[in-house]
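Examination of the molecular architecture
As a plain string of letters, each chain reads:
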Amino acid sequence: MSQYSIVAEMVQSNKSNNNVWFVHVTGCDNPELQGYCKHAIKAMQFCFILKARTQFPIEDNTLEQLKSYYAENEKGKLQWYKPRTPKEEAQPTEALEAPAEVPALEHQTAKRGRRRSKKTEEVAA
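The present account deals with the structure reproduced in this document. (Residues numbered from 1 in each chain as written. Predicted model: local features only at pLDDT ≥ 70, side-chain atom pairs only at ≥ 80, totals over all residues. Heavy atoms only, no water.)

Regarding the overall build of the protein chain
Note the following rule: Helix and strand definitions here come from DSSP, where helices need a minimum of 4 consecutive H or I residues and strands a minimum of 2 consecutive E residues; each element is numbered from the N-terminal end. When a residue's accessible area, from a 1.4 Å probe over protein chains only, is under 20% of the maximum for its type it is buried; when over 50% it is exposed; and in between it is partly exposed.
In terms of regular secondary structure, the protein chain is built from four helices and three strands. Within the protein chain, the proportion of its 125 residues that are buried is 22%.

The structure is reproduced here in structure tokens:
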């Protein structure tokens, strides 16, 4: 078992009475290897980001704790996180189609041209 591992703990926020997730590497005080997350799903994502950066293992009970907390408390509340279903992955997205034409603005400001000195105008003429 290695000396370092990735752990997530629920702690109280300094700025409010809310609880946040503190994700860090045990045995290391480097601020790049620690962070605070409001939601359990984001804390889990940050754990995997740290794992990719450092190659340290994530503790099993940490993952189980984050999964169970997300399933009990956050799953219905978070509207921005919607995992894709296999049907959605098979269908092409509408973003690949050509965008609709943007109507021209009625009052466009005149663009400034380059100012030329009189010498260059005489040479050009």
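Back to the write-up after that little detour.
Looking at the sheet that holds strand β2 (residues 19–25)
Backbone-to-backbone hydrogen bonds join strands into a sheet, with any given pair of strands oriented parallel or antiparallel. To be explicit about the condition: At least two bridges found by DSSP between two strands is the condition for calling them paired. For helices, the fitted axis covers only the stretch in contact; all axes are lines through C-alpha atoms, and the angles between them, taken along N-to-C directions, range from 0 to 180 degrees.
Strand order in the open sheet formed by three strands is β1-β2-β3, with antiparallel pairing between adjacent strands. One side of each edge strand has no neighbouring strand; the edge strands of this open sheet are β1 (6–12) and β3 (34–37). Ignoring strand direction, the axes of neighbouring strands in this sheet form an average angle of 25°. Bridge analysis of β1 against β2 gives seven bridges, and the strand direction is antiparallel.

Looking at the pairing of β3
Looking down a regular strand, the side chains alternate between one sheet face and the other. Only one face of β3 is covered, namely the one carrying Gly 35 and Cys 37; the face carrying Gln 34 and Tyr 36 has none of its residues buried. As defined by bridge partners, β2 adjoins β3 across four bridges and the pair is classed as antiparallel. What sits directly across from Val 23, in β3, is Gly 35.

A word on the nonpolar core
Put simply, the test is: The set of buried Ala, Val, Leu, Ile, Met, Phe, Trp, Tyr and Cys residues whose side-chain atoms join them within 4.5 Å is what this entry labels a nonpolar core. Any two residues having at least one pair of non-hydrogen atoms within 4.5 Å are treated as being in contact.
By size, the foremost hydrophobic cluster in this structure holds 18 residues, and its most contacted members are Ile 6, Trp 21, Val 23, Cys 47, Leu 50 and Leu 66. Sorting the residues of this core by element identifies β1, β2, α1 (40–54) and α2 (60–74) as the ones contributing at least two each. The biggest single contributor to this core is α1, with seven residues. Setting aside anything within four residues of it in sequence, one finds Ile 6 in contact with Val 23, His 24, Val 25, Cys 47, Leu 50, Lys 51, Thr 54, Phe 56, Pro 57, Ile 58, Glu 59 and Thr 62.

Considering unusual backbone geometry
Unusually for a residue other than glycine, Gln 55 sits at a positive phi of about 65°. Among the structural elements, Gln 55 can be located in the loop between α1 and α2. With a relative accessible area of 64%, Gln 55 lands in the exposed category.

Topic: the state of the cysteines
Here, the word disulfide means a covalent bond between the sulfur atoms of two cysteines. What counts is decided by this rule: Any two cysteine sulfur atoms within 2.5 Å of one another count as a disulfide.
What the rule picks out here adds up to zero disulfides. Counting only cysteine sulfurs, Cys 47 is the nearest neighbor of Cys 37, a cysteine outside any disulfide, at a range of 7.8 Å. Judged by its relative accessible area of 11%, Cys 37 is buried.

Focus: the side chain of Thr 54
Mapped onto the fold, Thr 54 is located in helix α1. Judged by its relative accessible area of 18%, Thr 54 is buried. Setting aside anything within four residues of it in sequence, one finds Thr 54 in contact with Ile 6 and Leu 33.

Points about α2
Put simply, the test is: Multiplying 1.5 Å by the helix residue count minus one yields the expected span of that helix. This arc is taken over the directions from the axis of the helix to the C-beta atoms.
Between its first and last C-alpha atoms α2 spans 20 Å; for 15 residues at 1.5 Å apiece the expected length is 21 Å, and the two agree. Burial in α2 covers these residues: Thr 62, Leu 63, Leu 66, Tyr 70 and Glu 74. Around the axis of α2, the buried residues are gathered within 100° of arc, so they sit on the same side. Across α2 from its buried face, at more than 90 degrees, point the exposed residues Asp 60 and Glu 72. Along its buried surface, α2 packs onto β1, β2 and α1.

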